[in-house]
Each structure stands twice: as structure tokens, then as C-alpha cells.
Protein chains: 2
Amino acid sequence: MPEEGQMQREVLKVATTSRPVLVAGAIAGVIRSQGRVEVHAIGAGAVNQAIKAIAISRGYVVAAGLDLVCIPSFVDLSFDGQDRTGIRLLVEVR
Amino acid sequence: MPEEGQMQREVLKVATTSRPVLVAGAIAGVIRSQGRVEVHAIGAGAVNQAIKAIAISRGYVVAAGLDLVCIPSFVDLSFDGQDRTGIRLLVEVR
């Protein structure tokens, strides 16, 4: 059995054009089934949509007694064939 | 003595032009003295700088055994005399 750090994590990729309410629904769904989800975003527009989505998703799961927090870090991502530094937002239940 | 929810919270206002390493230092300073800090940002560029700052600040306080998380929400802010919806990032020690 793998250690927690090696377990497969669901990754949601968010773009500037992503709709925050839809991403929020996806976050809530993965949180309910797996307890955590990783959100990746490259660029200011995408990071902004991702943060809005996490703020909205908090409201989606609060009735189930789930209090979501996010942990931001930098991550090297491949985007359009180029290496870019993106933002990883690990969303977890507190 | 006021309840926790009524206590004065330090608020850091982040702009698109803010330098993430400087904001990160400010976040780390307030965390060390007060254990939590509120970061406000309006617009995608500012939110992006704020998230970068929080990611960097995690590294500044990890040696002290502090594991930072952030809790995003929407907040009504006054900006240049206009009411705008901004993002509030509550940064706390887990």
C-alpha cells in the first residue's frame, strides 16, 4: 500500500476561461469522494478563477460539516509544449 | 474581552504591483506575532501576487514548525471610492 505522499491525487486544471461555479462543483465532488484535490493554474487570470472557485466550493460543502482550506505552492508545469511555473493549490478538509 | 471573531485582525492589502517576496515577509511577520493575517486583493493580478506571496511565506515560517493554510472568500471592498468585490485570503497556522 503506497504512503500518503505517493497516492494518486485528482488534479483539476483551471484556465482563465474556466467558469468558477463549474470548477467549484468539481472541487466539491472530489472533496466528497477523496477528501482532497489539487488545483493547477498558470497565469494571473487562471489563478484568480481558481481562487474564486475554491471560495465558492467552501459554501458547497459546509452543510456537510467540511471546512476547506487551501495550501498554495509553486509547481513546474508543461503548457502548450513549454515549461511554465504554475501555482498548485492543494485543497483539503481541515 | 472580545470574542475571537470580533478581534482586530491585521489586514495586508495586495496590488498587482506588490512584490510577492515583500508581501511574504510581511505575512510571516504578522503570523509570528499574531498567528493569523488577512490578505485583501482586488482583481486577477492582485490575487495572483497574493497567492504567490502566501506560497513564499510558507517557506519563511516552516523552520519554526508553522504550517500555513489559506481560506479564500469574497469580500466587499472600497477601492478608489468605488465598491468592488475583492478576495479575502485568511492565512492561518494549521
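Refer to the structure above for everything that follows.
Residues numbered from 1 in each chain as written. Chains lettered and ligands numbered in written order. Predicted model: local features only at pLDDT ≥ 70, side-chain atom pairs only at ≥ 80, totals over all residues. Heavy atoms only, no water.

Draft legend 1. Layout of a nonpolar patch on the surface. Residues and elements named next belong to chain A. There is a patch of nonpolar side chains on the surface, built from Val21, Leu22 and Tyr60 and spanning about 280 Å² of accessible area. Of note, Leu22 is situated in helix H1 (residues 20-34). Its relative accessible area of 56% is what places Leu22 among the exposed residues. (Patch = residues over 30% accessible without salt bridge, like charges linked within 9 Å, V, L, I, M, F, W, Y side chains within 5 Å. Areas by Shrake-Rupley, 256 points an atom, 1.4 Å probe, with all protein chains shown as cover. Salt bridge = Lys/Arg side-chain N within 4 Å of Asp/Glu carboxyl O. Helix = DSSP H or I, 4+ residues; strand = E, 2+ residues; numbered from the N terminus. Buried < 20%, exposed > 50% of the residue type's maximum accessible area, 1.4 Å probe, protein only.)

Draft legend 2. Structural detail: the side chain of His40 of chain A. Looking at where His40 of chain A falls in the secondary structure, it is placed in strand S2 (residues 36-41). Here His40 of chain A falls in the buried class, since its relative accessible area comes to 11%.

Draft legend 3. Main features of the relation of the copies chain A and chain B. It takes a turn of 180 degrees to lay chain A on chain B, together with a shift of 0.0 Å along the axis; the resulting RMSD is 0.0 Å. On this basis, the relationship between the two copies can be described by a two-fold rotation axis. Take the interface residues of chain A: 100% of them recur as interface residues in chain B, which is what a same-surface contact looks like. (Least-squares fit on C-alpha atoms with pLDDT ≥ 70 in both. Contact = heavy atoms within 4.5 Å.)

Draft legend 4. View of the pairing of strand S4 (residues 82-93) of chain A. All names here are of chain A. Looking at chain direction, S2 and S4 are connected through 6 bridges and run antiparallel. Following the sheet pairing, Ala41 is matched in S4 by Ile87. One ladder, built from 12 bridges, connects strand S3 (residues 68-79) with S4; its direction is antiparallel. What sits directly across from Cys70, in S4, is Val91. Taken together, S3 and the strand that follows it, S4, pair antiparallel across an intervening segment of 2 residues, in which Asp80 is found at a positive phi of about 50 degrees. (Pairing = 2+ DSSP bridges.)

Draft legend 5. View of the pattern of salt bridges. Applying the stated criterion to the full structure yields 10 salt bridges over all chains. For the salt bridge of Asp67 of chain A with Arg94 of chain A, the shortest nitrogen-to-oxygen distance reads 3.0 Å. Here Asp67 of chain A is found in the loop between helix H2 (44-61) and S3, whereas its partner Arg94 of chain A is found in the segment after S4, with 27 residues between them in sequence. Judged by relative accessible area, Asp67 of chain A falls into the partly exposed class, the value being 24%. Salt bridges sharing partners connect three or more residues here, namely Arg36 and Glu92 of chain A together with Arg58, Asp67 and Arg94 of chain B.

Draft legend 6. Up close: the environment of Ala15 of chain A. All names here are of chain A. Along the chain, Ala15 falls in the loop between strand S1 (11-14) and H1. Looking at Ala15, the relative accessible area reads 34%, which means it is partly exposed. With 34 residues separating them along the chain, Ala15 and Gln49 place their C-alpha atoms 7.4 Å apart. Excluding its chain neighbours within four sequence positions, the residues that come into contact with Ala15 are Ala46 and Gln49.

Draft legend 7. Spotlight on the interface of chain A and chain B. In this complex, chain A contributes 22 residues to the contact, which on the side of chain B involves 22 residues. Buried surface at the junction of chain A and chain B, both sides included, amounts to about 1,700 Å², of which 75% is carbon and sulfur. At the boundary of chain A with chain B, the tally comes to 3 residue pairs in polar contact (both at pLDDT 80 or more). Those elements that provide at least two residues to the side of chain A that touches chain B are H2, S3 and S4 of chain A. Of all the elements, H2 of chain A adds the most residues to the side of chain A that touches chain B, at 10 residues. The residue inventory of the side of chain A that touches chain B, partitioned by class, reads 14 nonpolar, 4 polar and 4 charged. (Buried area = accessible area lost by both parts, 1.4 Å probe. Polar contact = N/O pair within 3.5 Å; in protein donor to acceptor, adjacent residues only side chain to side chain. Nonpolar A, V, L, I, M, F, W, Y, C, P; charged D, E, K, R; others polar.)

Draft legend 8. Broad picture of the nonpolar core. Counting residues in hydrophobic clusters, the biggest one holds 44 residues, and the most contacted among them are Ile27, Leu89 and Val91 of chain A together with Ile27, Leu89 and Val91 of chain B. Ignoring anything within four residues of it in the chain, the contact list for Ile27 of chain A reads Leu12, Val37, Val39, Ala53, Ile54, Ser57, Leu68 and Val91 of chain A. Formed by 6 residues, the second largest nonpolar core is a distinct cluster that contains Val69 and Ile71 of chain A together with Val69 and Leu90 of chain B. (Core = buried A, V, L, I, M, F, W, Y, C linked by side-chain atoms within 4.5 Å.)

Draft legend 9. The side chain of Glu92 of chain B, seen in detail. If you trace the backbone, Glu92 of chain B turns up in strand S4 (residues 82-93). In this structure the side chain of Glu92 of chain B is engaged in a polar contact, spanning 2.6 Å, whose partner is the side chain of Arg94 of chain A. A distance of 2.3 Å separates polar atoms of two side chains, one belonging to Glu92 of chain B and the other to Arg36 of chain B. Discounting chain neighbours no more than four positions away, the residues touching Glu92 of chain B are Arg94 of chain A together with Gly35, Arg36, Asp67, Leu68, Val69 and Ile71 of chain B.

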